[in-house]
Every structure is written in C-alpha cells, then in structure tokens.
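Structural overview for review
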Amino acid sequence: LSRGGALLSMRVIRAVGEMRQLAEEIRSAGRRLALVPTMGWFHEGHLSLMREARRRADVVVVSVFVNPIQFGPREDYDRYPRDLERDRRLAEGVGVDVLFAPSVEEMYPRGYQTFVEVAELSRPLCGQARPGHFRGVATVVLKLFNIVRPHLAIFGQKDYQQLLIVRRMVEDLNLDVEVVGMPTVREPDGLAASSRNSYLSPAERRAALSIPRALQRAQRLYQEGTREARPLLKEVRRTIEAEDLTEIEYVRLCDPQTLQEVERVDRQALLALAVWVGTTRLIDHVILGGEGPCSG
Ligand code: AMP
C-alpha cells in the first residue's frame, strides 16, 4: 500500500472481494488497520473520526455506504446526500488510505437474508420510531467488520444508541475489534454536525438551534441541583416547542448503559432526543453527571 511518487493518491475500492484481499495483505504485513464506517457526505464529525483513526492505526479504511436496510419505507434513503468525489477529496485531505464504497448489489446480492439483532438496546429511543433501523445498522457493521477485518473501528457518540449497540454486538458475538467512541463535533453555533443538516432551509437551521439550547439549559438545571426527570424534560420540551418549525419525536432521561427510562439522575443519566425540524429528523443528547461510558 505505497503512496508512490508525488501523486498523493488514496485508493477507492468498490468490490467486496478486492477490499477483503487488500485487508488480508495489510493484516499479514502486521499493520494495524482502522475502519471508520460512514454513509458519506462528510462533515467535521466524520473528519474527526478519520483523524483519530490516522493517529491510532497504520492503515485507515473509511467505508461510504448508504445502507438501505437501516432506512424505513417512508424515510430519506432516496434523498440522502451522496457525492463520492467530494468525499474522496475530504478523506484524502486527512490522510485516509482507502475509501471503500461498495454498491448495494455488492453488499446485498440477490437472495440475501441474514440479519443481526441486538434485541433489548434496539427497542427504546430511536428504535421505537424506526423499527428495523438498528437491525440494519448491526447487520451492515458486522458485514463491514468481516470484509475489512479492522483491529479497531471508530464511531461517533453523536449516535449514542448506535455506539452502545455496536459495543454490545462486539461483546456478545466475541468480535475481535476494539470499538472507539469519539465526542460529538458541533457547528460553531452549537448544532451537532450531521449530513442531514444539509436538508435544512435557513429558517429551519435557526429553529434547529433550539436543540443544543434546550440541552444546555437542562445541563444548567442539573448543575444547579435539579435531579428529577420531570423538570429537566419539561425545560427541554418548552425550549424546543418555542420554535414553530420543530416537532418533538421523543425526549427521554435514561440509564446511559441500559437505555431504560429513569425518574431521576442517579450519578449519571442520558438525556436523549429526536426532533423533526420541517421534514428533517435530528438527534442529539447530553450525559448529565459526566462524560458517559463511551469515551476512550
Ligand atoms: P453517518 O455517516 O451519519 O452514518 O456517521 C458515520 C459516523 O460518524 C458514525 O459513527 C457517527 O456517529 C459519526 N458522526 C456523525 N456525526 C458526528 C458528529 N457530529 N460528531 C462526531 N461523530 C459523528
């Protein structure tokens, strides 16, 4: 995997077979391989994961795959932003070695019928409104692990429930992959970076700021001594509902490990939410009482 001459070239691989073969060569050469799974349309959040992979491994593979089986029938699979040329430039800029961008037919050929389910953790929060979503996520992540055979895989804490589910799957299925969680990268005004932010009109973008504002207010209430779920959730709802273009899907206070709802913050709690801003669904969260179980 030499980057010969003056041409700083990153390899783009489309075929599963070719990716497997290259991964095998890298492994047998004794080099440490990191995978960053993504759906593309890179932003600073993705780039922070890639930079961490660059620091921790010899070879960095970034997958770009808009995974159809994690989208519901009325979700945004078709309109999800895609631009491999743009992603290629951005990934190359942070020193990624391989962009693995398989087609849907490569990943799910005719006759495909095997799925992974992380049962309990997939039910609450986003799992409630998006049945089958986390089954799709767990399945594609396991497939990517088997194709790329990474020593470590890097995920964002932004998708908190997803990270918990991937960790559970790795533990339950005895996978030999170190899972690293990275903090949420935010836009300068506080909105969590997301590929879906590109859907927002200027007015929606302003309304979306009520999300980080609401989480900050909850955090402040917590710091001032509030521990009960009710006033914390009420403040979050009030702040978000003050905007015309927003509609709350859920706001919950949960145990950060089990995701079961809690009535009060006991040591630590996850305050998680999903909010529709126009036709765009955004998620965000804050850990009250600490950094959460996912750092490092
Ligand atoms: P996606 O392309 O949205 O599936 O995200 C790919 C990876 O990037 C996942 O591990 C996400 O958790 C992570 N990610 C997405 N947004 C952010 C963010 N704002 N900060 C850090 N990581 C993120």
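Sequence positions are assigned chain by chain, starting from 1 and proceeding in written order. With pLDDT at 70 or above as the cut-off, local features in this predicted model cover only qualifying residues; side-chain atom pairs require 80 or more to be listed or tallied, and sums for whole chains, interfaces and linings still use all residues. Side-chain measures were taken over the full set of non-hydrogen atoms in the model, leaving aside hydrogen atoms and water.

What follows is about the pattern of salt bridges. Any two side chains of opposite charge can pair, given that their charged atoms come close. Criterion for a salt bridge: a side-chain nitrogen of Lys or Arg within 4 Å of a carboxyl oxygen of Asp or Glu. The full count for this structure, using the stated rule, is 22 salt bridges. Between E52 and R56 there is a salt bridge, with the nearest N and O atoms lying 2.6 Å from each other. Of this pair, E52 and R56 both sit in helix α2 (residues 44–56), 4 residues apart, which is roughly one turn of that helix. The residue R130 makes a salt bridge to E75 at a minimum N-O spacing of 2.6 Å. Placement of R130 in the loop between α5 (126–129) and α6 (133–148) and of E75 in the loop between β3 (59–64) and α3 (84–93) is noted, with a sequence separation of 55 residues between them. With a 1.4 Å probe rolled over the protein chains alone, any residue whose accessible area is under 20% of its type maximum counts as buried; one over 50% counts as exposed, and the rest are partly exposed. Among the residues examined, R130 registers a relative accessible area of 9% and is labelled buried. You can call E75 partly exposed: its relative accessible area is 29%. Helix and strand definitions follow DSSP, with helices as H or I runs of at least four residues and strands as E runs of at least two, each counted in order from the N terminus.

Our focus in this paragraph is the site of the ligand. Here a residue is considered near a molecule or strand provided that any single heavy atom belonging to it is located within 4 Å of it. Taken together, 17 residues sit near the ligand, with H46, G156, D159, V185 and A193 positioned nearest. Within 3.5 Å is the distance limit for a polar contact, defined as a pair of N or O atoms, with the added protein rule that one can donate a hydrogen and the other accept it, and that residues adjacent in sequence qualify only through two side-chain atoms. Note that an oxygen atom of the ligand is positioned 2.9 Å from one of the backbone N or O atoms of M39. Backbone polar atom of A193 to a nitrogen atom of the ligand: 2.9 Å apart, as the coordinates give it. All accessibility values rest on the Shrake-Rupley procedure with a 1.4 Å probe; residue burial counts only the protein chains present in the view. In the complex, 93% of the free accessible area of the ligand, which totals 490 Å², lies under the protein chains. Contributions of two or more residues to the shell around the ligand are made by β2 (33–38), α2 and β5 (152–156). Examining the composition of the shell around the ligand, we find that 3 residues originate from one element, α2, more than from any other. Throughout this entry, Asp, Glu, Lys and Arg are counted as charged residues, while Ala, Val, Leu, Ile, Met, Phe, Trp, Tyr, Cys and Pro are counted as nonpolar. The remaining residues, Gly among them, count as polar. Its residues assigned to classes, the shell around the ligand comprises 8 nonpolar, 7 polar and 2 charged.

A few words now on the nonpolar core. In these notes, a set of buried Ala, Val, Leu, Ile, Met, Phe, Trp, Tyr and Cys residues joined through side-chain atoms within 4.5 Å is what counts as a nonpolar core. Counting 49 residues, the largest nonpolar core has M19, F100 and F145 as the members making the most contacts within it. Two residues form a contact once any of their heavy atoms are found within 4.5 Å. For F100, the residues in contact, after removing those within four places along its chain, are I13, R14, A15, V16, M19, V61, V62, S63, V64, L144, I147 and V148. Formed by 27 residues, the second largest nonpolar core is a distinct cluster that contains L200, I211, L282 and L288.

This part is about the environment of Q157. Turning to its location among the elements, Q157 is positioned in the loop between β5 and α7 (160–172). Judged by relative accessible area, Q157 falls into the buried class, the value being 11%. Along the chain, Q157 and L142 lie 15 residues apart, while their C-alpha atoms are 19 Å from each other.

Here a strand pair is declared whenever DSSP counts at least two bridges between the two strands. Read across the sheet, 6 strands follow the order β1-β4-β3-β2-β5-β6 without closing on themselves; strand pairing throughout is parallel. Single-partner strands in this sheet number two, and they are β1 (11–13) and β6 (178–182). Between one strand axis and the next, the sheet turns through 25° on average, direction left out of account. Sheet analysis places β3 next to strand β4 (residues 98–100), joined by 3 bridges and oriented parallel. An axis is simply a line fitted to the C-alpha atoms; with a helix, the fit covers only the stretch in contact. Between two such axes, the angle follows the N-to-C directions and lies from 0 to 180 degrees.

Strand order in the open sheet made by the 3 strands is β7-β8-β9, with antiparallel pairing throughout. One side of each edge strand has no neighbouring strand; the edge strands of this open sheet are β7 (246–254) and β9 (280–288). Across the sheet, the mean angle separating the axes of adjacent strands is 15° when strand polarity is ignored. Strand direction decides the pairing type here: β7 and strand β8 (residues 269–277), joined by 8 bridges, are antiparallel. Bridge pairing in β8 links E247 to W276. Running over the sheet, helix α9 (residues 210–223) touches β7, β8 and β9 and is turned about 15° from β9. Across the sheet, helix α10 (residues 229–241) lies against β7, β8 and β9, angled at about 160° from β7, the strand it touches most.

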